Amino acid sequence: MGAEIVLAAMLLAGCPQQAEVLESTASAIEKNYYPEAEAKLIARSVREWAERNRYIDACGDWNAFAERLHKDLDAYNGHFFLERVDKEAKKKPEADWLMAWRAEAVPSNAGVREVRVFEGNVGYIRLSTFYSWDMAKDKLRNALALVRDTESLILDLRQNGGGDAETAGRLVRAFLADDTKAVQRIAGRDGTKDEPLPERDTPAYRGKLAVLVDRRSASASEFVAYSLQAARRATVIGSRSAGAASLLDEPQPLVHGFEISVPNASPVNVVTGKNWEGGGVVPDIKGGDDPVYLARRLLDGKSSE
């Protein structure tokens, strides 16, 4: 009974600082989120959470509050990023998540986890993430050079959560003809603009291609799979991917030390006129228990199921 009394008292008193963060969050979403019609709906939900004291039991615990609010925003769009910033920690280079991420590139071979050539002259490249092009270019160039003379290639993007958009674009360029200038446009509140593919900076690959995805393939890896599938350049094998297509703006400050990055644009594929937001990349063929084996049989012409 004592806990119930305390909770009732908290509900009556509310948590003013939480309410201020929620209003600040709602305003940022209303101002920047794309599509604009959805922005109003999400902002309204955030304000309702404040009115209903949704996070009252986390009053005074900023970490718990931030974690729960972030999770609720993810239900609308997995690209929301909200955190409370420790200003003192941000002064230290080792506390910068971007620098920490870049530091992981060396022990992870810049995301190039496996390159090989199977019997039957079938190449295989497994990428765990897309690091920035300045860090990944040599590794990807070498990987593509190794498989350049294979008759077919399996590009394994399972559990690849995305990363650098330029690197993903460079990879797509490696598989498409030089006269393909773009695979998507970018739509935002200011209209839709072209997004040309980068210039070729890797060996070109012209053999048959299969791309493997799963539910943990997200963002930039989905861009690669979706773009090559839409261009009829690759057969996608596996399970439906995560469905994270939206693009983010720069982090913007909220009240009480919080920051939020709001999805503010969406890719539009030049062939389909759509993207993979929410629904993910839908495979052409289900992967079953062993997607690599299935891909090898498909590329060998031994199976189409």
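Structure's up top.
As a starting point, this report considers the structure included with it. All values derive from a computational prediction rather than experimental measurement.

Conventions adopted
- Residues numbered from 1 in each chain as written.
- Predicted model: local features only at pLDDT ≥ 70, side-chain atom pairs only at ≥ 80, totals over all residues.
- Heavy atoms only, no water.
- Helix = DSSP H or I, 4+ residues; strand = E, 2+ residues; numbered from the N terminus.
- Salt bridge = Lys/Arg side-chain N within 4 Å of Asp/Glu carboxyl O.
- Buried < 20%, exposed > 50% of the residue type's maximum accessible area, 1.4 Å probe, protein only.
- Pairing = 2+ DSSP bridges.
- Contact = heavy atoms within 4.5 Å.
- Axes fitted to C-alpha atoms, helices over the stretch in contact; angles between N-to-C directions.
- Left-handed = near helix turned anticlockwise from the far one by under 90°.
- Parallel < 35°, antiparallel > 145°, perpendicular 65-115°, else oblique.
- Disulfide = S-S within 2.5 Å.
- Core = buried A, V, L, I, M, F, W, Y, C linked by side-chain atoms within 4.5 Å.
- Polar contact = N/O pair within 3.5 Å; in protein donor to acceptor, adjacent residues only side chain to side chain.
- Phe/Tyr/Trp six-rings, centres within 6.5 Å; stacked < 30°, edge-to-face > 60°.

### A few points about the environment of Ala75
Mapped onto the fold, Ala75 is located in the loop between helix 4 (62-74) and strand 1 (81-84). Sequence spacing of Ala75 and Glu195 is 120 residues, and the spatial spacing of their C-alpha atoms is 28 Å.

### Some thoughts on the pattern of salt bridges
Taken as a whole, this structure holds 13 salt bridges when the rule is applied. Linking Arg54 and Asp72 is a salt bridge whose minimum nitrogen-to-oxygen distance equals 2.8 Å. With a gap of 18 residues between them, Arg54 in the loop between helix 3 (36-51) and helix 4 and Asp72 in helix 4 connect regions that are remote in the sequence. Residue Arg170 pairs with Glu166 through a salt bridge whose shortest N-O separation is 2.9 Å. Within this pair, Arg170 and its partner Glu166 are both found in helix 8 (residues 165-175), separated by four residues, close to a single helical turn. Classification of Arg170 as buried rests on a relative accessible area of 15%. When its relative accessible area of 36% is taken as the criterion, Glu166 is described as partly exposed.

### Overview of the sheet that holds strand 7 (residues 208-213)
If you walk across this open sheet you meet the six strands as 2-3-4-7-8-13, and the pairing is mixed. Edge positions in the open sheet fall to strand 2 (112-118) and strand 13 (285-286), since each of these has one partner strand only. Note that strand 7 and strand 8 (residues 235-238) share four bridges and pair parallel. If you follow Leu212 over to strand 8, its bridge partner there is Ile237. Together, strand 4 (152-156), strand 7 and strand 8 form the strand contacts of helix 9 (residues 220-230), whose direction differs from that of strand 7 by roughly 140 degrees.

### Observations concerning the packing of helix 3 against helix 4
Pairs of packed helices are described in terms of their axes, by the angle between the two and the distance that separates them. The geometry of helix 3 relative to helix 4 is characterised by a closest axis approach of 11 Å and an angle of 145 degrees between their N-to-C directions. In terms of crossing hand, the pair formed by helix 3 and helix 4 is right-handed. Residue-level contacts link Ile42, Val46 and Trp49 of helix 3 to Leu69, Asp72 and Leu73 of helix 4.

### Brief notes about the packing of helix 2 (residues 16-32) against helix 3
With their axes 8 Å apart at the nearest point, helix 2 and helix 3 run at an angle of 175 degrees to one another. By the angle class used here, helix 2 and helix 3 are roughly antiparallel. Counted together, Leu22, Glu23, Thr25, Ala26, Ser27, Ile29 and Glu30 of helix 2 and Ala39, Ile42, Ala43, Val46, Arg47, Trp49 and Ala50 of helix 3 form the full contact between these two elements.

### A closer look at the pairing of strand 5 (residues 182-188)
A large share of strand 5 lies buried, amounting to five of its seven residues. Counting the residues in the hairpin turn of strand 5 and strand 6 (residues 191-196) gives two residues. Taken together, the five bridges between strand 5 and strand 12 (residues 263-269) define a ladder with antiparallel strand orientation. Within strand 12, the residue paired with Ile186 across the bridge is Pro267.

### Comments concerning the state of the cysteines
Taken as a whole, this structure holds one disulfide when the rule is applied. Disulfide partner of Cys15: Cys59, at an S-S distance of 2.1 Å. With the S-S bond torsion at 85 degrees, the cross-link from Cys15 to Cys59 turns out right-handed. Here Cys59 lies in the loop between helix 3 and helix 4 and Cys15 lies in the loop between helix 1 (2-13) and helix 2, a separation of 44 residues in the sequence.

### Let's talk about the nonpolar core
Formed by 39 residues in total, the largest nonpolar core has its most connected members in Leu127, Leu155, Phe175, Val211, Val224 and Leu228. Every element with two or more residues in this core is listed here: strand 3 (122-127), helix 7 (133-147), strand 4, helix 8, strand 7 and helix 9.

### Here we look at the side chain of His70
Checked against the element boundaries, His70 lands in helix 4. In this structure the side chain of His70 is engaged in a polar contact, spanning 3.3 Å, whose partner is the backbone oxygen of Phe80. If we ignore the near neighbours within four places in the chain, the residues touching His70 are Phe80, Phe81 and Leu82.

### As for the packing of aromatic side chains
The tally for this structure, following the rule as stated, stands at ten aromatic pairs. With 6.4 Å between their ring centres and 40 degrees between their planes, Trp49 and Tyr76 make a pair best called tilted. Placement of Trp49 in helix 3 and of Tyr76 in the loop between helix 4 and strand 1 is noted, with a sequence separation of 27 residues between them. You can call Trp49 buried: its relative accessible area is 9%. Classification of Tyr76 by relative accessible area gives partly exposed; the value is 37%. Among the aromatic residues, those joined into a cluster by ring pairs are Trp49, Tyr55, Trp62, Phe65, Tyr76 and Phe258.

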